[in-house]
Amino acid sequence: MAEKDHPDHIDRADLTFCRNEFPALNQTVNGHPVVFLDGPGGTQVPSSVAQAVSEYLLSHNANTHGAFRTSHESDAIIERARAAMAALFGCTPSEVAFGQNMSTLNFALSRALGRTIKPGDEVVVTDLDHEANRSPWEALAEKGAVVKSVKVNTADCTLDMEDFAAKITPRTRLVAVGWASNAVGTINDVAAVAKMAHAVGAAVMVDAVHYAPHEAMDVKAVDCDFLICSAYKFFGPHIGVLYGKREAFDRLGTYKVRPQEDHSPFKIETGTLNHEGIAGAGAAVDFIAWLGRRSGGGEGAGSLASEPAESPATSPTTAVATVPTTSAAVPSRRDVLAGMEAIEGYEKPLARRLQEGFSAIPGVRVYGLPPAGHRTPTVSITVSGKSPEEVAAYLASKGVFVWNGDFYASTLVERLGLAASGGLVRFGLAPYNTAGEIEYTLEQVAAASRA
Ligand SMILES: Cc1ncc(COP(=O)(O)O)c(C=O)c1O
């Protein structure tokens with residue numbers, strides 16, 4: 001969302017109250033409270049999500065479509081989670097499919113699309129993307145497809161949109177683009193990409209893994225054909241979730257076992273799914289909706305904000321303490337949007353302070369767009385004279401958990417000339433991070449640069 005569009009309530013969003021929901025935040029290392037800035041690799045999980053997973057396993061565990069109670073409950077829990085994810089995407093539940101993770105779902109997509117690829121057909125990927133949105137499409141070269149990769153402007157880590165336009169031709173069958181870069185935070189204009197692709201009849205696959213935890217999604221406004229994200233990046237368990245536009249999904253010839261239903265969303269859901277993970281994914285969306293209500297947006301705006309500590313595990317509308325079944329209300333799109341807007345409004349100023357603070361430390365180089373640019377709260381740096389691994393290890397000893405390396409954004413890191421030197425050190429914010437943690441992290445990075 002552009003800064004000018006912010007509703008008032010997100011400018012005042014203070015989400016520090018949500019820290020109580022994350023037991024993992026109470027850990028220490030060498031006497032230092034742990035600062036979790038590893039969110040782009042996977043966030044921490046609120047108690048309500050862990051409860052949903054364990055309640056599923058302890059009380060409702062069964063395979064689907066049986067004649068007995070726990071099987072009925074499993075069906076209901078999965079369909080409820082589908083509806084919750086639809087509220088996050090802005091689509092209908094029948095357009096939501098679950099899978100092992102983003103990479104595996106994307107390979108399933110590319111294998112399905114590959115059945116119709118003819119030699120000389122073209123697919124377009126980008127240099128900015130995670131390899132999970134490149135390798136599955138590059139594999140179509142085995143079918144004779146010509147794979148083109150859009151250039152990245154290395155000065156600010158944005159996509160070269162002129163190059164994008166030039167690479168999409170009447171032979172293009174598929175365009176794969178990330179909504180946001182997991183390495184440097186750039187947010188791409190995926191709606192503009194979808195428009196260019198559709199103008200030549202190509203399908204569009206959006207990797208929303210890094211975008212989904214930070215800003216609201218509206219798949220219909222973007223008009224992508226497919227979009228995949230991973231619940232473990234937004235407070236959920238380790239599963240992947242796919243949106244497939246009804247018409248595009250119905251056309252897709254997926255590989256499936258014969259008895260499996262041949263329509264969306266089931267046609268891509270091979271075998272028995274991770275039911276407990278799906279229950280947890282639904283609870284993760286409940287958690288986002290709860291953040292929206294607690295921060296003064298969504299349904300009941302202005303009332304819940306002033307109420308004392310309603311918890312997602314006890315909320316009457318989310319009823320997460322007992323795993324949601326058909327009787328529990330699906331989180332509303334309005335609450336989910338309010339939650340995402342609150343997250344964005346809370347994370348952005350913290351990220352700005354972090355980025356500006358880094359820029360003031362001698363020897364630290366920050367990559368990507370400036371703080372006011374359209375970017376996620378993920379900031380990557382290098383420190384002169386220190387390898388990214390050394391910096392990450394130093395910070396870990398002080399309780400600051402960050403990732404180093406290329407994070408599978410391997411092509412970008414090669415284009416930045418950082419592959420041989422170990423890539424980047426990445427700091428990713430989540431709603432449970434605090435201003436105090438940011439100041440502490442800046443002090444520790446300054447110390448690491450002098451060490
Ligand atoms: C932007 C992006 N795309 C794709 C992936 C792969 O996701 P998964 O682990 O669900 O396969 C990741 C994982 O870090 C990512 O950050």
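Parameters and conventions
- Residues numbered from 1 in each chain as written.
- Predicted model: local features only at pLDDT ≥ 70, side-chain atom pairs only at ≥ 80, totals over all residues.
- Helix = DSSP H or I, 4+ residues; strand = E, 2+ residues; numbered from the N terminus.
- Buried ≥ 20, exposed ≤ 12 C-beta atoms within 10 Å, placed from the backbone.
- Contact = placed C-beta atoms within 7 Å.
- Core = buried A, V, L, I, M, F, W, Y, C linked by C-beta atoms within 7 Å.
- Pairing = 2+ DSSP bridges.
- pLDDT = per-residue confidence, 0-100.
- Axes fitted to C-alpha atoms, helices over the stretch in contact; angles between N-to-C directions.
- Parallel < 35°, antiparallel > 145°, perpendicular 65-115°, else oblique.
- Left-handed = near helix turned anticlockwise from the far one by under 90°.
- Nonpolar A, V, L, I, M, F, W, Y, C, P; charged D, E, K, R; others polar.
- Arc of directions from axis to C-beta.

Trainee: Go over the overall build of the chain with me, naming the residues and quoting the values.
Mentor: For the chain, the helix and strand inventory stands at 14 helices and 17 strands. For the C-alpha atoms alone, the extent of the chain along its principal axes is close to 65 × 55 × 40 Å. Split into buried and exposed, the 451 residues of the chain put 53% on the buried side. Restricting to contacts in the chain with at least 6 residues of sequence separation, those with at least 24 account for 72%.

Trainee: Quick one: what's the story with the nonpolar core, residue by residue and with numbers?
Mentor: One finds Met-85, Val-175, Val-204, Val-206, Ala-208, Val-241 and Ala-284 to be the most contacted residues of the largest nonpolar core, which totals 131 residues. Of the residues forming this core, the biggest block, 11 residues, is contributed by helix α10 (residues 275–294). Excluding anything up to four places from it in sequence, Val-175 contacts Val-124, Ile-168, Val-193, Ala-197, Ala-202 and Val-204.

Trainee: Outline the pairing of strand β17 (residues 424–428), supporting the account with residue identities and numerical values.
Mentor: Counting buried positions along β17 yields five of five residues, so the element is predominantly enclosed. On β17, burial covers both faces: Leu-424, Arg-426 and Gly-428 on one face and Val-425 and Phe-427 on the other are all buried. Where strand β14 (residues 378–383) meets β17, four bridges bridge the pair, whose relative direction is antiparallel. Its bridge partner being in β17, Thr-378 is matched across the sheet by Gly-428. Of the pairings in the sheet, the one linking strand β16 (residues 403–405) to β17 comprises three bridges and is antiparallel in character. For Gly-405, the partnering residue across the bridge sits in β17 and is Leu-424.

Trainee: Give me the lowdown on the confidence of the model for the chain, citing residues and values where you can.
Mentor: Model confidence for the chain is summarised by a mean pLDDT of 92, while 91% of its residues fall at 70 or above. Scored below 50 in pLDDT, residues 302–309 shows seven contacts in the model against residues more than four places distant or in partner chains. Note that pLDDT drops below 50 for residues 314–326; the model gives that stretch 36 contacts with residues more than four away or on any other chain.

Trainee: Which residues make up the sheet that holds strand β10 (residues 203–207), and what values go with them?
Mentor: One open sheet holds the seven strands; their spatial order is β4-β12-β11-β10-β9-β5-β6, and the pairing between them is mixed. Pairing within the sheet leaves two strands with one partner each, and these edge strands are β4 (96–99) and β6 (146–150). The mean angle between the axes of side-by-side strands here comes to 20°, regardless of whether they run parallel or antiparallel. Relative to strand β12 (residues 240–244), strand β11 (residues 226–230) runs antiparallel, the two sharing five bridges.

Trainee: Describe the pairing of β11, naming the residues involved and giving the relevant values.
Mentor: Most of β11 sits inside the fold, with five of its five residues counted as buried. The two faces of β11 match: Phe-226, Ile-228 and Ser-230 on one face and Leu-227 and Cys-229 on the other face are all buried. Of the strand pairs in this sheet, β10 and β11 are connected by three bridges, and their pairing is parallel. The residue bridging Val-206 from the neighbouring strand is Leu-227, located in β11.

Trainee: Break down the sheet that holds β16 for me, citing the residues and quoting the values.
Mentor: Taken in spatial order, the four strands line up as β13-β14-β17-β16 in an open sheet, and their pairing is antiparallel. Of all the strands in the sheet, just β13 (364–367) and β16 have a single pairing partner and so form its edges. Across the sheet, the mean angle from the axis of one strand to that of its neighbour is 30°, orientation sign disregarded. Bridge count between β13 and β14: four bridges; the pairing is antiparallel. From the neighbouring strand, Val-364 faces β14, where its bridge partner is Val-383. Where helix α12 (residues 388–397) meets the sheet, its contacts fall on β14, β16 and β17, and the angle it forms with β16 comes to roughly 165°.

Trainee: Tell me what's going on with the packing of helix α2 (residues 47–60) against α10, and back it up with residues and numbers.
Mentor: Where α2 contacts α10, the two axes come as close as 8 Å, and the packing angle between them is 150°. Viewed along their axes, α2 and α10 adopt a mutual orientation that is roughly antiparallel. For the element pair α2 and α10, the recorded crossing hand is right-handed. Here Ser-48, Val-49, Ala-52, Val-53, Tyr-56 and Leu-57 of α2 come into contact with α10, specifically with His-275, Glu-276, Ala-279, Gly-280, Gly-282, Ala-283, Ala-284, Asp-286 and Phe-287. Looking at side-chain class alone, the contact of α2 with α10 contains nine nonpolar, four polar and two charged residues.

Trainee: Can you break down α12 residue by residue, with the values?
Mentor: Those residues of α12 lying buried are Pro-388, Val-391, Ala-392 and Leu-395. Down the axis of α12, the smallest arc covering the buried residues is 95°, so these residues share one side. Buried residues along α12 sit in contact with β14, β15 (400–401), β16, β17 and α14 (435–450). With its phi angle positive at about 90°, Gly-399 sits one or two positions after the end of α12.

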